[in-house]
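# Descriptive structure summary
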Amino acid sequence: MGKLSCKNLLPCCMGHPPATSPAGATAGVSVKVSDRYVEIKNGIFELTLSNPDGIVTGVRYNGVDNLMEILNKEDNRGYWDLVWSKLGERTGIFDVIKGTEFRIIYQDENHAEVSFVRTWDPSLEGKAVPLNIDKRFIVLRGCSGFYTYGIYEHQEGWPGFSLGETRVAFKLRKDKFHYMALADDRQRIMPMPEDRVPPRGQQLAYPEAVLLVDPINPDLRGEVDDKYQYSCEDQYNNVHGWISFDPPIGFWQITPSDEFRTGGPVKQNLTSHVGPTMLAMFLSGHYAGDDLTPKFLTGEYWKKVHGPVFMYLNSSWDGSDPTLLWEDAKVQMMIEKESWPYCFALSDDFQKTEQRGCISGRLLVRDRYLDDADLYATSAYVGLALPGDVGSWQRECKGYQFWCRAEDDGSFCIRNIVAGDYNLYAWVPGFIGDYKLDAKLTISSGDDIYLGDLVYEPPRDGPTMWEIGIPDRSASEFFVPDPNPNYVNRLYINHPDRFRQYGLWERYAELYPDGDLVYTIGQSDYTTDWFFAQVNRRTDQSTYQPTTWQIKFNLDSVSPNSTYKFRVALASSANAELQVRFNDQDRTAPHFTTGLIGKDNTIARHGIHGLYWLFNIDVSGAWLVQGMNTIYLKQPRNQSPFQGLMYDYLRMEGPSGS
């Protein structure tokens, strides 16, 4: 084999060794293959993979024989998995992906890449997901950790299927790893897995949520544990993991790029949770539902690279301060991001820097009811995704996506775009709706395309009469109550993410025991008077009543022959419906209804948003009166406590030209 040449061959140690550098840090990379195992060493750590399955059975590091959970069976330690179903079937099949063929892609003293392939053929129809899957693992010289990526292929002529989820999961030693970190302000000592099982734990409204009745660590008694409390938007989901205090070791999952994850930058995914479990999520329906489950037709060709992601190991002499290892992991994350796309991943399907393109421009906002001049689209989200309709990027789940945030003047630059056909999409915090550039963009290797000034004209027919909330696709600005004292996760007390507490949906009926929310324009304050979610009211019989909220506003005059506009942006919907009535609560047919929409389950899963919906409602002047008016917002679906809506922003506009 020839030598590899790459300036960034060792991103995980460029100018930044791990918190302590083992004596063998200069050793070369070696690969030992036996009938049952593949062992890869580099003097810093040793990675053991099952042969030919490609399961991570062991990670030896810093004097510890195995950081993986040795009490688990070997195929339940570190693995790729997926959930799939036949087209039209709702029940998913869980599949730990095991290779059937092992080969060494490349090996010298600086670099080893190995492959575990599982090939599909028609004899497996109905028994296995119709995909060829190639799982790769990479170890580099001087590098304190290993990389993994997967190439998935659905060939022409193969049967159709749905892919509900795919990820990499790591189960670490529960006798070592007790401290979890996923952000500066989201880290803590975690419960043990035994704490979730009766009699130590008591299941709450659904299996993921457990009250810690008698945990092994008494300091955690009375808290709620739920893996969804540790979800994170993909744009911030770059590094998370676990720390052992004895010896002081960190085991981190670093995702340097979002390009292979689905649903755009604000899509939420799981991170780490009790186990100790550490996940790299590539595709899931969490906070979105079936809209983000790709469905492949019979014969449809598809190929995609998931990853690479990096499993980083670090250690320190002083185990008393876990933030040392966390800070080091954050620095490593930045190094990995700057090294993207990796030049050392050898699959031809993973495009390198020179094969990719770049696109730039400036986005402006035109709203003549706000300003005579075009405004800068400050901090706009600008991205490329597969061609589709306006806003389709948030439901796109087969291709790659590339996003950036615009500068203060609206200028943007998206780098390292995989060659292909895209639409350019954007949305601007502070403005409703979605932008899409009409032209399809074809990115070729080496392209550097400048688009110049682009102008987004957000939906607007008339002047703002009143508004509620901030158009940012989130309900976080509204009133989030304190949790029931019996169901607290102490991490989120006085925390910006206070919405991640368990059971907040039940607080609505306590705050509004006799009647529903009434919001009066000019008097009420949405930060205190607009509950963050329109949920059902629980009754004493454990049944649920639908709720109807009211917005009251005064009009000095009405143009009966004119059309007003009521714009409602939703941050989430879960098997819910929004019915809108103007000045007639008892009207049989609402003036407007969304119909049944959404399956994002955000209320139960402690997210402050799911998928974004925008409804632009024509309001006849004949429906309004001079003086006090009332808009009735009814959510009539009441089979469950988790059916409901989260609002992003509401605005009433006067007639055009008024």
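In this text, all values refer to a predicted model and were calculated from it rather than measured experimentally.

### Here we look at the UniProt feature "domain: Rhamnogalacturonan lyase" (unreviewed entry) in the protein chain
Sites flagged by UniProt as "domain: Rhamnogalacturonan lyase" (unreviewed entry) map to residues 378-449 and 464-652. With 0% helix and 43% strand, residues 378-449 has end C-alpha atoms that lie 21 Å from one another. Secondary structure across residues 464-652 divides into 5% helix and 39% strand, with the first and last C-alpha atoms of the span separated by 6 Å.

### Focus: the domain arrangement of the protein chain
When its domains are assigned, the protein chain resolves into domain 1 (30-183 + 230-339), domain 2 (353-456) and domain 3 (464-653). Between domain 1 and domain 2, the C-alpha centre-to-centre distance is 30 Å. Taken together, the contact between domain 1 and domain 2 spans 20 residues of the former and 17 residues of the latter. For the pair domain 1 and domain 2, the summed buried area comes to about 1400 Å², and 52% of that belongs to carbon and sulfur atoms. The three residues of domain 1 that bury the most area against domain 2 are Glu259, Pro265 and Asp291, which together make up 37% of that side's buried surface. Run the count over domain 1 and domain 2 and you get 3 salt bridges. For Lys398, the salt bridge identified is with Glu300, shortest N-O distance 2.8 Å. Counting every contact that joins domain 1 to domain 2 gives 11 residue pairs in polar contact (both at pLDDT 80 or more). Every element with two or more residues in the side of domain 1 that touches domain 2 is listed here: strand E23 (295-296) and strand E24 (302-315). Top element by residues in the side of domain 1 that touches domain 2 is E24. It accounts for 3 residues.

### A word on the packing of aromatic side chains
Inspection of every chain in the model, using the stated rule, returns 50 aromatic pairs. Geometrically, the ring pair formed by Trp340 and Phe350 is edge-to-face, given 5.3 Å between the ring centres and 75 degrees between the ring planes. You can see Trp340 sitting in the loop between helix H1 (323-338) and strand E25 (357-365) and its partner Phe350 sitting in the loop between H1 and E25, a full 10 residues away along the chain. Like Phe350, Trp340 is buried. Their ring planes at 40 degrees and their centres at 6.1 Å tell us that Phe478 and Trp530 sit as a pair that is tilted. Residue Phe478 is located in the loop between strand E34 (464-469) and helix H2 (507-511), and its partner Trp530 is located in the loop between helix H3 (526-529) and strand E36 (534-535); the two are separated by 52 residues in the primary sequence.

### Focus: unusual backbone geometry
Pro276 follows Gly275 through a cis peptide bond whose omega is -5 degrees. For Pro276, the position within the fold is in the loop between strand E21 (272-273) and strand E22 (277-283). With an omega of -5 degrees, the peptide bond between Trp340 and Pro341 qualifies as cis. Assignment of secondary structure puts Pro341 in the loop between H1 and E25. Phi is positive for Asn62, close to 55 degrees, though the residue is something other than glycine. Within the fold, Asn62 resides in the loop between strand E4 (56-61) and strand E5 (78-86). Here Asn583, not a glycine, exhibits a phi torsion of approximately 60 degrees, which is positive. Turning to its location among the elements, Asn583 is positioned in the loop between strand E41 (579-582) and strand E42 (592-593).

### Here's the deal with the pattern of salt bridges
In the structure shown here, the tally under the stated rule is 46 salt bridges. Note that Arg366 and Glu457 form a salt bridge whose closest N and O atoms lie 3.9 Å from each other. Taken together, the residues Arg366 in the loop between E25 and strand E26 (375-376) and Glu457 in the loop between strand E33 (448-456) and E34 connect sequence positions 91 residues apart. Residue Glu457 is classed as exposed on the basis of its relative accessible area of 53%. Two residues, Arg473 and Asp434, come together in a salt bridge whose shortest N-O distance is 2.9 Å. Taken as a pair, Arg473 in the loop between E34 and H2 and Asp434 in the loop between strand E30 (420-427) and strand E31 (435-436) lie far apart in primary sequence, 39 residues in all. Assigned by exposure class, Arg473 and Asp434 land together as buried. Among the ionic contacts, a cluster of salt bridges with common partners joins Asp461, Lys565, Arg567, Asp618, Arg651 and Glu653.

### Quick word on the state of the cysteines
Simply put, the disulfide is a covalent bond whose two ends are the sulfur atoms of two cysteines. Overall, the coordinates contain 0 disulfides when judged by the stated rule. Not engaged in a disulfide, the cysteine Cys232 finds its nearest cysteine sulfur in Cys404; these two sulfurs lie 19 Å apart. Exposure remark for Cys232: the relative accessible area of 8% places this residue in the buried category. Summary of cysteine pairing: Cys413 is not part of a disulfide, and the nearest cysteine sulfur, belonging to Cys358, is at 3.6 Å.

### Looking at the nonpolar core
Counting residues in hydrophobic clusters, the biggest one holds 105 residues, and the most contacted among them are Val59, Phe251 and Leu363. The greatest single-element share of this core, amounting to 7 residues, is contributed by E24. If you count residues domain by domain, this core takes at least three from each of domain 1 (30-183 + 230-339) and domain 2 (353-456).

### Here we look at the sheet that holds strand E14 (residues 201-203)
The strands making up a sheet are joined through hydrogen bonds of the backbone, oriented either antiparallel or parallel. Pairing is antiparallel in the open sheet, where 3 strands are placed in the order E14-E15-E16. Single-partner strands in this sheet number two, and they are E14 and strand E16 (224-225). With 3 bridges connecting them, E14 and strand E15 (residues 210-212) associate as antiparallel partners. Bridge assignment links Gln202 to a residue of E15, and that residue is Leu211.

### As for the confidence of the model for the protein chain
Chain-level pLDDT for the protein chain is 95 on average; 96% of the residues reach the 70-or-more range. Every residue in residues 1-10 is under pLDDT 50, and counting partners more than four places away or in other chains gives 22 contacts. Between residues 12-20, whose pLDDT stays under 50, and residues either more than four places distant or in other chains, the model counts 30 contacts.

### Describing the environment of Asn269
By secondary structure assignment, the location of Asn269 is in strand E20 (residues 268-269). Take Asn269: its relative accessible area is 2%, and that puts it in the buried class. Here the alpha-carbon distance between Asn269 and Lys552, two residues 283 residues apart in the chain, equals 38 Å. Ignoring anything within four residues of it in the chain, the contact list for Asn269 reads Ser231, Cys232, Asp234, Asn237, Met281 and Ser284. Engagement of the side chain of Asn269 in a polar contact is seen with the side chain of Ser284, the distance being 2.7 Å.

Criteria and thresholds
- Residues numbered from 1 in each chain as written.
- Predicted model: local features only at pLDDT ≥ 70, side-chain atom pairs only at ≥ 80, totals over all residues.
- Heavy atoms only, no water.
- UniProt positions renumbered as here; feature names shortened; annotations may be inferred.
- Helix = DSSP H or I, 4+ residues; strand = E, 2+ residues; numbered from the N terminus.
- Domains from an automatic or database assignment.
- Contact = heavy atoms within 4.5 Å.
- Buried area = accessible area lost by both parts, 1.4 Å probe.
- Salt bridge = Lys/Arg side-chain N within 4 Å of Asp/Glu carboxyl O.
- Polar contact = N/O pair within 3.5 Å; in protein donor to acceptor, adjacent residues only side chain to side chain.
- Phe/Tyr/Trp six-rings, centres within 6.5 Å; stacked < 30°, edge-to-face > 60°.
- Buried < 20%, exposed > 50% of the residue type's maximum accessible area, 1.4 Å probe, protein only.
- Disulfide = S-S within 2.5 Å.
- Core = buried A, V, L, I, M, F, W, Y, C linked by side-chain atoms within 4.5 Å.
- Pairing = 2+ DSSP bridges.
- pLDDT = per-residue confidence, 0-100.

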